[in-house]
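Working through the structure, step by step
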Amino acid sequence: MNIILLGPPGAGKGTQAQRLVEKFGMRQLSTGDMLRAAVKAGTPVGLQAKAVMERGELVSDEIVSALIGEELDAMGPDTGAIFDGYPRTAAQVESLDKLLADRGRTLDHVIELEVDEDALVERICGRFTCANCGKGYHDKFEQPKQPGVCDKCGSTEFKRRPDDNEETVRTRMAEYRAKTAPILPIYDARGIVTRVNGMADIDHVTAAIERTMAG
Ligand code: ADP
Ligand code: ADP
Ligand code: ZN
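Scoring rules and cut-offs
Residues numbered from 1 in each chain as written. Chains lettered and ligands numbered in written order. Predicted model: local features only at pLDDT ≥ 70, side-chain atom pairs only at ≥ 80, totals over all residues. Heavy atoms only, no water. Near = heavy atom within 4 Å. Polar contact = N/O pair within 3.5 Å; in protein donor to acceptor, adjacent residues only side chain to side chain. Areas by Shrake-Rupley, 256 points an atom, 1.4 Å probe, with all protein chains shown as cover. Nonpolar A, V, L, I, M, F, W, Y, C, P; charged D, E, K, R; others polar. Phe/Tyr/Trp six-rings, centres within 6.5 Å; stacked < 30°, edge-to-face > 60°. Lys NZ or Arg CZ within 6 Å of the ring centre and 35° of its normal. Helix = DSSP H or I, 4+ residues; strand = E, 2+ residues; numbered from the N terminus. Donors = N, O, S within 2.8 Å, 3.2 Å for Na, K, Ca; no water. Tetrahedral: all angles 85-135°; square planar, octahedral: opposite > 155°, others 65-115°. Buried < 20%, exposed > 50% of the residue type's maximum accessible area, 1.4 Å probe, protein only. 1 Å grid on protein atoms, 1.4 Å probe; cavity = no way out; pocket = protein on both sides within 12 Å on 5 of 7 lines; lining within 4 Å. Points joined across faces, edges and corners; volume = space filled by probe spheres on them. Core = buried A, V, L, I, M, F, W, Y, C linked by side-chain atoms within 4.5 Å. Contact = heavy atoms within 4.5 Å.

1. So, the site of ligand 2
Around ligand 2 lies a shell of 19 residues, among which Thr31, Arg36, Glu57, Gly85 and Arg172 are the nearest. Within the side chain of arginine 88, an N or O atom sits 3.0 Å from an oxygen atom of ligand 2. Protein coverage of the free-state accessible area of ligand 2, which is 560 Å², stands at 97%. Residues that form the shell around ligand 2 fall into these classes: seven nonpolar, four polar and eight charged.

Structure follows, in structure tokens:
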């Protein structure tokens, strides 16, 4: 199964993708994570993407689609893909169609996480992740069970993203509205979009996604 999680920054895409990975052995393909890894490693892609990401603007379609193609090629043909933060433009929708078709994959579901914009700034400004395993947390909504210790791997080091500040979030939300929201009608026309209430508890959102995948 191949699915897209769609929604504005802070909607819960990464949180839900991590859960589906653990439960179903699917693979999370997050272009944001791939780009951050490239920035950290100082690759040519990373050097090009760094400033764009710091401003909260979108990295070029060519760069992100190439990253997705490489990840798909590194996966077993029977492993399901969860696209998290990709596609984000109409051009990326086209590229993804081709990347999937070339590999004999089909797109099963596009799950739109519907959220109130007012909640997003609080979600994003409270977000942090385990520096070792990448598990996501929130200052208020998803704290580690034991304070300062990662539930999943026991690490005591955590990190925050440089672009998770209020000013950049506004730009990212504007980019979402202008370039990403318009791709929904493309998938709607194919009859594969399910809308899920992203304002519900994390567990409830997971349950709604699982119902979609089962149905
Ligand atoms: P995205 O990948 O869509 O940008 P994340 O999954 O990283 O969003 O979630 C953003 C922040 O909000 C994280 O700190 C996460 O723990 C928290 N979060 C995610 N889903 C929910 C939810 N349903 N209710 C409350 N907080 C949530
Ligand atoms: P969020 O979880 O808040 O939605 P991401 O981690 O997905 O954020 O993305 C962080 C940044 O990486 C974006 O603001 C953008 O600069 C870049 N980026 C990630 N995915 C894409 C994409 N598919 N197309 C263009 N830029 C992207
Ligand atoms: Zn961890």
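2. What to know about the packing of aromatic side chains
Applying the stated rule across the entire model yields four aromatic pairs. The interplanar angle of 45° and the centroid separation of 6.5 Å between the aromatic rings of phenylalanine 83 and tyrosine 86 together place this pair among those described as tilted. Taken together, the ring pairs connect Phe128, Tyr137 and Phe158 into an aromatic cluster. A cation over a ring is seen here: lysine 135 above tyrosine 137, with NZ or CZ 4.6 Å from the ring centre.

3. Here's the deal with unusual backbone geometry
Cis peptide bonds are those with omega within 30 degrees of zero, and the linkage from tyrosine 86 to proline 87 qualifies with -5°. Within the secondary structure, proline 87 sits in the loop between strand S3 (81-84) and helix H5 (90-102).

4. Remarks on the coordination of the zinc ion (ligand 3)
Taken together, Cys130 (SG), Cys133 (SG), Cys150 (SG) and Cys153 (SG) make up the full set of protein donors to the zinc ion (ligand 3), lying 2.2 to 2.4 Å away. With four donor atoms in place around the zinc ion (ligand 3) and angles of 100 to 116° between them, the coordination shape is tetrahedral. Expressed as a motif, the donor residue spacing for the zinc ion (ligand 3) is C-x2-C-x16-C-x2-C. Separated by 20 residues along the polypeptide, cysteine 130 in strand S5 (residues 127-130) and cysteine 150 in the loop between strand S6 (136-138) and strand S7 (158-159) bring together distant segments of the chain.

5. Points about the side chain of threonine 89
Its location among the elements puts threonine 89 in the loop between S3 and H5. Here threonine 89 falls in the buried class, since its relative accessible area comes to 10%. At 2.9 Å, the side chain of threonine 89 forms a polar contact with the side chain of aspartate 61.

6. Here's the deal with empty space enclosed by the protein
For the structure on display, the rule yields one cavity of 30 Å³ or more. The volume enclosed by the largest cavity comes to roughly 50 Å³. What lines the largest cavity is Leu5, Leu6, Gly7, Lys13, Gly85, Tyr86, Pro87, Arg88, Tyr176 and Thr180. Among the elements of the structure, strand S1 (2-6) and helix H7 (166-180) are those that each provide at least two residues to the lining of the largest cavity.

7. Comments concerning the site of ligand 1
In the vicinity of ligand 1, 18 residues are found, and the nearest of them are Gly10, Lys13, Thr15, Arg127 and Tyr137. With respect to ligand 1, the side chain of lysine 13 contributes an N or O atom lying 2.8 Å from an oxygen atom. For ligand 1, an oxygen atom lies 2.6 Å from a polar atom in the side chain of threonine 15. Listing elements by their share of the shell around ligand 1, those giving two or more residues are helix H1 (13-24) and S6. By residue number, the principal contributor to the shell around ligand 1 is H1, which donates three residues. Grouping the constituent residues of the shell around ligand 1 by class yields seven nonpolar, six polar and five charged.

8. Here's the deal with the nonpolar core
Grouped together as the largest cluster of nonpolar side chains are 30 residues, with contacts concentrated most on Leu72, Phe83 and Tyr187. Residue assignment for this core shows that the elements contributing at least two residues are S1, helix H2 (31-41), helix H3 (44-55), helix H4 (61-73), S3, H5 and helix H8 (184-188). Residue contributions to this core peak at five residues, all from H4. Ignoring any residue separated from it by four or fewer positions in sequence, one finds tyrosine 187 in contact with Ile4, Pro87, Val93, Leu96, Leu107, Val110, Ile192 and Val193. Judged by nonpolar contacts, the second largest core, of 20 residues, contains Ile3, Leu5, Leu120 and Met213.

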